[in-house]
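In case you want the letters, here they are:
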Amino acid sequence: MSAQVLIVGAGQAGLQAAVSLRELGFKGEVTIVGEEEYSPYQRPPLSKAFLAGEADVESLEFRSADFYAANEIKVVTAEKITQVSIADGKGVAQGSTGNSYSFDRLVIAPGSTPRKLNLEGSDLDGVLYLRSIKDAEALKSRWTQAKNVVVVGGGFIGLEVAAQATKAGKKATVLEAAERLIARAVSPITSEYLRAAHERRGTSVRLAAAIEGFEGLNGKVTGVRMADGEVIAADIVMVGIGVIARGELAEMLGLETANGAIVVNEFAETSNPMVLAAGDAVLLPHPLGHGNQVRLESVQNAVDQAKVVASTIAGERLPYRAVPWFWSDQADIKLQIAGLSNGYDQTVVRGNPDEDKFSVLYYREGKLLAIDAVNDAPDYMAVRRALGADAHIDAGAAADSSVALKTLIISSDA
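Residues numbered from 1 in each chain as written. Predicted model: local features only at pLDDT ≥ 70, side-chain atom pairs only at ≥ 80, totals over all residues. Heavy atoms only, no water.

A. Expanded view of the overall build of the chain. Counting its secondary structure elements, the chain contains 10 helices and 29 strands. For the chain, the spread of C-alpha atoms along the principal axes amounts to about 70 × 60 × 35 Å. Sorting the 414 residues of the chain into buried and exposed places 51% on the buried side. Sequence separation of at least 24 residues holds for 58% of the intrachain contacts in the chain that already meet a minimum separation of 6. When the accessible surface of the chain is totalled, it reaches about 17900 Å², and 47% of it is carbon and sulfur. (Helix = DSSP H or I, 4+ residues; strand = E, 2+ residues; numbered from the N terminus. Buried < 20%, exposed > 50% of the residue type's maximum accessible area, 1.4 Å probe, protein only. Contact = heavy atoms within 4.5 Å. Areas by Shrake-Rupley, 256 points an atom, 1.4 Å probe, with all protein chains shown as cover.)

Spelled out as structure tokens, the structure:
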């Protein structure tokens, strides 16, 4: 409890690990090192409130300087860790500024980086990505003057930006290479609803879209050239085609990785127990005990897994058992997901997608797995509560949307 803990990564997971250590009574040194020039801040609002002018950099910060001082948490910004060595139970990290940081336990929370397009014209001014405050400021600085916004990628962040563009009176077009939207995370039912809902609100959504490159004038993007030769006018092209786990530091240390992601056990330990990891870059055992490994890109996972990191360092060793949950605000469409629907073989739809309020429950061999809820917080909360208690909701009973879902929860003891 008096060791030196170095946390590499100043995002949600890195901050939560530091805060949780102090809440558990950890008395040792705690240092957070981040590459950006900002103290730890919220990323989800970048595609929504920040872009709409309803939030600024200061309001995005998780904690104040006074909080860090009062809790003796040292935050180092604009510093990239370039080298780490571990020997005889002690470690030293070297930073890009020439500073070094000693540690007894190392926490890696590097997050992820946007997957880049490698097409003709990808380097034109106005072809943008959205992950950091700088990215958001680059987008926002062009926002007022832009009339045509093209979003490449029909995932959560792409649909959020497209919704903001349409709401602001711009012509928004979503280009998705797959046959449906957010195919990795939701069923065809939810995908089709999102396509139709965005179209109803004025956004053009193109599926199975093949992009050949980008066109420009004087170094600035002016359009997206499709494989069939069509050019879609664009003052801004926002690319959101997924992210890549930042496992470079783990690989440098010789830790176990899989496709760049850092492999951890249920206690957030890497293949070297002296090193722990949390957040977007981590591959962890399924938190609900379904046997497989998963990579979770969410605020919930970053927070809950960081708490596990802190408990492991503090000697409590509490396994990660949190229910995964996600959300996406797309203008007036609020999508909330609880659980993981991978491997489902049955769905139950409650409500009416045409009325912008419904939910989809997922089952495998009769067992409840997850829910997608659109503007339906009560159904979402009921399933989240059931999954957290290892309880069940019968699929046949759930099909009657006139019955409150919370009344159908069957305890595992029943």
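B. Seen up close, the pattern of salt bridges. Tallied over the full model, the rule gives 22 salt bridges. One salt-bridge network, in which partners are shared between bridges, spans Glu 120, Glu 212, Glu 215 and Arg 225. (Salt bridge = Lys/Arg side-chain N within 4 Å of Asp/Glu carboxyl O.)

C. Representation of the pairing of strand E21 (residues 282-285). Taken together, the two bridges between strand E19 (residues 261-263) and E21 define a ladder with parallel strand orientation. The residue of E21 that forms the bridge with Ile 262 is Val 282. Pairing geometry for E21 and strand E22 (residues 293-294), over two bridges, is antiparallel. Looking at the pairing, Pro 285 lines up with Gln 293 of E22. (Pairing = 2+ DSSP bridges.)

D. Quick look at the sheet that holds strand E11 (residues 171-175). Taken together, the five strands give an open sheet; going across it, the order is E9-E16-E10-E11-E12, and neighbouring strands pair in parallel fashion. A single partner strand is all that each edge strand has here, and the edge strands are strand E9 (127-129) and strand E12 (204-206). Pairs of neighbouring strands in the sheet enclose a mean axial angle of 20 degrees, with direction left out of account. As judged from the four bridges shared by strand E10 (residues 148-152) and strand E16 (residues 236-239), these two strands associate in the parallel manner. (Axes fitted to C-alpha atoms, helices over the stretch in contact; angles between N-to-C directions.)

E. Region of interest: the packing of helix H1 (residues 12-23) against helix H8 (residues 299-313). As a packed pair, H1 and H8 sit with axes 8 Å apart at the nearest point and diverge in direction by 40 degrees. Accordingly, the angle class assigned to the pair H1 and H8 is oblique. Remark: the crossing between H1 and H8 carries right-handed chirality. Taken together, the residues of H8 that come into contact with H1 (itself represented by Gln 12, Ala 13, Gln 16, Ala 17, Ser 20 and Leu 21) are Val 299, Ala 302, Val 303, Ala 306, Lys 307, Val 309, Ala 310 and Ile 313. (Parallel < 35°, antiparallel > 145°, perpendicular 65-115°, else oblique. Left-handed = near helix turned anticlockwise from the far one by under 90°.)

F. Just helix H5 (residues 156-167), in detail. When the terminal C-alpha atoms of H5 are compared, their 17 Å separation across 12 residues agrees well with the 16 Å that a helix rising 1.5 Å per residue should span. Of all the 12 residues making up H5, nine are buried; the element is thus mostly covered by neighbouring parts of the structure. Considered for burial, the residues of H5 that qualify are Gly 158, Leu 159, Glu 160, Val 161, Ala 162, Ala 163, Gln 164, Ala 165 and Thr 166. Buried-residue contacts for H5 involve helix H4 (133-143), E10, E11, helix H6 (188-200), E16 and strand E23 (325-330). A positive phi of about 85 degrees marks Gly 169, the residue just after H5. (Expected span 1.5 Å × (residues − 1).)

G. Expanded view of the sheet that holds strand E7 (residues 105-108). Reading across the sheet, the five strands line up as E3-E2-E1-E7-E20 and stay open at both edges, with parallel pairing between neighbours. One side of each edge strand has no neighbouring strand; the edge strands of this open sheet are strand E3 (73-76) and strand E20 (275-277). Strand after strand, the sheet turns through a mean of 20 degrees between neighbouring axes, direction not considered. Two strands pair when backbone bridges link them, and E7 and E20 are joined in this way by three bridges, in the parallel orientation. Paired with Leu 106 across the bridge in E20 is Val 275. Each of strand E1 (5-8), strand E2 (30-33) and E3 touches H1; the most contacted strand, E2, lies at about 170 degrees to it. Strands E1, E7 and E20 of the sheet are contacted by H8, whose axis makes an angle of about 160 degrees with E20.

H. Broad picture of the environment of Asp 390. Residue placement: Asp 390 occurs in the loop between helix H9 (377-388) and strand E28 (392-393). Not counting the four nearest positions on each side in its chain, Asp 390 is found in contact with Lys 367 and Ser 412.

I. Expanded view of the environment of Glu 160. Of note, Glu 160 is situated in helix H5. Residues contacting Glu 160, with those up to four places away along its chain left out, are Ser 47, Lys 48, Ser 328, Asp 329 and Gln 330. At a separation of 2.6 Å, a polar atom in the side chain of Glu 160 contacts the side chain of Ser 47. (Polar contact = N/O pair within 3.5 Å; in protein donor to acceptor, adjacent residues only side chain to side chain.)

J. The packing of aromatic side chains, seen in detail. Applying the stated criterion across every chain, the model contains five aromatic pairs. Geometrically, the ring pair formed by Tyr 38 and Tyr 41 is edge-to-face, given 6.0 Å between the ring centres and 85 degrees between the ring planes. Relative accessible area serves as the criterion here: at 16%, Tyr 38 is assigned to the buried category. With centroids separated by 4.9 Å and ring planes inclined at 65 degrees, the aromatic side chains of Tyr 193 and Phe 358 adopt a geometry described as edge-to-face. (Phe/Tyr/Trp six-rings, centres within 6.5 Å; stacked < 30°, edge-to-face > 60°.)

K. Layout of unusual backbone geometry. Look at Asn 218: it is not a glycine, yet its phi comes out positive at around 55 degrees. Along the chain, the position of Asn 218 falls in the loop between strand E13 (211-217) and strand E14 (220-226). You can call Asn 218 exposed: its relative accessible area is 74%. With phi around 55 degrees, Asp 390 is a residue other than glycine that occupies positive phi space.

L. Seen up close, the environment of Gly 95. Mapped onto the elements of the fold, Gly 95 is located in strand E5 (residues 90-95). Those residues in contact with Gly 95 that lie beyond four places of it in its chain are Glu 79, Lys 80, Ile 81, Thr 82 and Tyr 101.

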